[in-house]
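The lines below spell out each chain.
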Amino acid sequence: MDIIIYYLIGLLTGVSVTAFFVGKELYKCYTKSVIQQKQLDRILKLNEEINRFKILHSIESQNLSIAI
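A brief report on the enclosed structure follows. Within each chain, residue numbers correspond to sequence positions counted from 1 in written order. Local features in this predicted model are restricted to residues whose pLDDT is 70 or higher, and side-chain atom pairs enter the listing and the counts only when it is 80 or higher, whereas totals over whole chains, interfaces and linings include all residues. Side-chain numbers here rest on the full set of heavy atoms in the structure, without hydrogens or water.

**A few points about the overall build of the protein chain**
No. 1: Strands are runs of DSSP state E lasting at least two residues, helices are runs of H or I lasting at least four, and both sets are numbered from the N terminus onward. The helix and strand tally for the protein chain stands at 1 helix and 0 strands.
No. 2: Taken over C-alpha atoms, the radius of gyration comes to 29 Å for the protein chain, far larger than the 11 Å a tight globule of 68 residues would show.
No. 3: A principal-axis box enclosing the C-alpha atoms of the protein chain has dimensions of 100 × 10 × 5 Å.
No. 4: Only four residue types enter the charge count, namely Lys and Arg as positive and Asp and Glu as negative; His and the chain termini do not. By convention, the point assigned to a charge is CZ for Arg, NZ for Lys, CD for Glu and CG for Asp. With 8 positive and 6 negative side-chain charges, the protein chain shows a separation of 4 Å between the mean positions of the two kinds. Within these notes, the globule rule equals 2.2 Å times the number of residues to the 0.38 power, and the radius of gyration is based on C-alpha atoms.

In structure tokens:
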């Protein structure tokens, strides 16, 4: 009877420890993914601003060359 109780306690402890480490790794992957997504969003926003600046600059250049 004692062997069965010890076995069940050990099994429950092993499952708990395994679940902890699996959860820890999944959380690492989740935070890494979130950080990479934020970085990608920042880069895309910056790229969009650069493209807008280039378009405005080329329009101003054309206006100046026409006026001269």
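**Things to note about the packing of aromatic side chains**
Within a pair of aromatic rings, the relevant descriptors are the distance that separates the centres and the angle that separates the planes.
No. 1: Here is the rule: rings of Phe, Tyr and Trp (six-membered ring for Trp) pair when centre to centre is within 6.5 Å. Planes less than 30 degrees apart are stacked, more than 60 are edge-to-face, and the remainder are tilted. One pass over the structure, following the stated rule, counts 2 aromatic pairs.
No. 2: For the pair Tyr27 and Tyr30, a centre-to-centre distance of 6.4 Å together with 35 degrees between the ring planes defines the contact as tilted. With a gap of 3 residues between them, Tyr27 and Tyr30 both fall in helix α1 (residues 2–67), about one helical turn apart. Both residues of the pair, Tyr27 and Tyr30, count as exposed. The buried label applies to any residue whose accessible area, calculated with a 1.4 Å probe on protein chains only, is under 20% of its type's maximum; exposed applies above 50%, and partly exposed to all values in between.

**Details of the pattern of salt bridges**
In a structure, side chains of opposite charge can pair up when their charged atoms sit close to one another.
No. 1: Salt bridges are identified by distance alone: a Lys or Arg side-chain nitrogen within 4 Å of an Asp or Glu carboxyl oxygen. Scanning the entire structure with this criterion turns up 2 salt bridges.
No. 2: Among the salt bridges present, the one from Lys28 reaches Glu25, with a minimum N-O distance of 3.5 Å. With Lys28 and Glu25 both in helix α1 and 3 residues apart, this pair spans about one turn of that helix.
No. 3: The residue Arg52 makes a salt bridge to Glu48 at a minimum N-O spacing of 2.5 Å. Here the residue Arg52 and the residue Glu48 both occupy positions in helix α1, the gap between them amounting to 4 residues, near one helical turn.

**Regarding the environment of Val15**
No. 1: Mapped onto the elements of the fold, Val15 is located in helix α1.
No. 2: Val15 gets classed as partly exposed once you look at its relative accessible area, which sits at 48%.

**Thoughts on a nonpolar patch on the surface**
No. 1: A cluster of nonpolar side chains, namely Ile4, Tyr7, Leu8, Leu11 and Val15, defines an oily patch on the protein surface of about 520 Å² accessible area.
No. 2: Position of Leu11 relative to the elements: it lies in helix α1. Surface patches are drawn from residues lacking salt bridges whose relative accessible area is over 30%; two like charges belong together within 9 Å, two nonpolar side chains (Val, Leu, Ile, Met, Phe, Trp, Tyr) within 5 Å. Shrake-Rupley sampling with a 1.4 Å probe provides the accessible areas, and residues are treated as covered by the protein chains on show and by no other component.

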